[in-house]
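Survey of secondary and tertiary structure
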Amino acid sequence: QPENLQKNWLREFYQVRVSMCCGTALCVLYWACGAGEMCVGFVGVSSVTQELLSSDAMKDYNRARVYLDENYKSQEHFTALPSFYFLHESLKNIYQFDFKAKKYKKVTGKEIYSDTLESTPMLEKEKFPQDYFPECKWSRKGFIRTRWCITDCAFDLVNIHLFHDASNLIAWETSPSVYSGIRHKALGYVLDRIIDQRFEKVSYFVFGDFNFRLDAKAVVETLCAKATMQTIRAADTNEVVKLIFRESDNDRKVMLQLEKKLFDYFNQDVFRDNNGTALLEFDRELSVFKDRLYELDISFPPSYPYSEDSSQGRQYMNTRCPAWCDRILMSHSAKELILKSENDEKIVIYDHIGPNVCMGDHKPVFLSFRIAAGAGKPIANVHKCCVVQ
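The shown structure was predicted, so the numbers you read here are calculated from the model rather than taken from an experiment.

Quick look at the overall build of the protein
Along its length, the protein carries six helices and 17 strands. When burial is assessed residue by residue, the protein has 53% of its 389 residues classed as buried. Partitioning the contacts of the protein with sequence separation of at least 6, the portion at a separation of at least 24 is 67%.

Written out as structure tokens, the structure is:
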């Protein structure tokens, strides 16, 4: 429902940008477009694009780069990852890297690139091979990478969309799940790709819909520790189609029903109370990459799957176990780009947007921080990244 959601989405985004990110010089928006009718989805994308580029709320951003992967008929290349970069008028010298020419180019004006992005030298875009996730005949998962130099700081911005859980029942079978292993493989591929030998290594931020899920088996065993499990099988194939967990007493009350696309737990408050902190111990997928990726402490509730009913801004759908799918991660060197205030003022903010209104099935997540000129670069190379060859 792009028309209904757009007003909420933009209002909440503008509010966060003004109230929490006052003075933001570089504003970056990434998202993954819907999985339904792609042509319908891009009507919404086009509308949002025009609104953002012409809005009074963004009038101080006099330069922009918009990359719209609209070639949704291409099974080989389509990733559905729109990427927006807005540059504030206060920034004087901003450069974007040309991956083909292997040099930085000064950013001026506002430009939109659409249809096929494979020929655009200002980004790298890849779709994951089909054999990474054979269950899905036409996956849109992949990544888009751009490189920037701002205030003598060079860094990569990588928008990523990893594979989902195709079945709650399969995810529940093992710990960690088979889907977790697929995501590890894809994320490892991206990290290897952005630090290979083709280009100078720089700090990087990787963000988007990682589809990270809680350890399903451990979560169910914890939530239903005192329950008995009933297994229901298909009459013709004997395949498990449903699991029902009932309390041992209390009139055998149903606590959880689990199907391929059903996760119906009787008490959603456990995922909302105290931002779901009690469940963070089951958020384990990132631990494999602890030597390569860093994340600020999570202080917001699971970002997915929210109800798409416009009147149910805080309600989760009962299709999946709520999880922190949407994340902003960074290389350990990127931490050096983030300034920490001497007076302990909170100038680094990692949070979600629109906690009480419908924003779609995902709540947007944002990271706001400041960087120092030349941060993260050896003194001898402070100006190296911004030399236009």
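There's plenty left to go through after this.
Considerations on helix H5 (residues 216-223)
Regarding H5, the residues found buried are Ala218, Val219, Val220 and Leu223. Those residues of H5 hidden inside the fold are in contact with helix H3 (168-173), strand S12 (240-247), strand S13 (254-259), strand S14 (262-265) and helix H6 (269-272).

Remarks on the side chain of Gln268
Structurally, the position occupied by Gln268 is in the loop between S14 and H6. A distance of 2.9 Å separates a polar atom in the side chain of Gln268 from a polar atom in the side chain of Arg272. Contact partners of Gln268, with chain neighbours within four places excluded, come to Gln315, Tyr316 and Met317.

Examining the confidence of the model for the protein
With 88% of its residues at a pLDDT of 70 or more, the protein has an overall mean of 87. Every residue in residues 35-40 is under pLDDT 50, and counting partners more than four places away or in other chains gives seven contacts.

Thoughts on the sheet that holds strand S1 (residues 26-30)
The strand order S1-S3-S2-S6 describes an open sheet built from four strands, whose pairing is mixed. Two strands bound the open sheet, and with one partner strand each, they are S1 and strand S6 (110-113). The mean inter-strand angle of the sheet, taken between neighbouring strand axes irrespective of direction, is 10 degrees. As paired elements, S1 and strand S3 (residues 83-88) share five bridges and run antiparallel to each other. In the strand pairing of S3, Val28 is matched with Tyr85.

Description of the pairing of strand S15 (residues 326-330)
Buried residues dominate S15, accounting for five of its five residues. Going residue by residue along S15, you find Asp326, Ile328 and Met330 tucked away on one face and Arg327 and Leu329 tucked away on the opposite face as well. Both strand S10 (residues 203-209) and S15 contribute to a ladder of five bridges, which runs antiparallel. Paired with Phe205 across the strands is Met330, a residue of S15.

What counts as what
Residues numbered from 1 in each chain as written. Predicted model: local features only at pLDDT ≥ 70, side-chain atom pairs only at ≥ 80, totals over all residues. Heavy atoms only, no water. Helix = DSSP H or I, 4+ residues; strand = E, 2+ residues; numbered from the N terminus. Buried < 20%, exposed > 50% of the residue type's maximum accessible area, 1.4 Å probe, protein only. Contact = heavy atoms within 4.5 Å. Polar contact = N/O pair within 3.5 Å; in protein donor to acceptor, adjacent residues only side chain to side chain. pLDDT = per-residue confidence, 0-100. Pairing = 2+ DSSP bridges. Axes fitted to C-alpha atoms, helices over the stretch in contact; angles between N-to-C directions.

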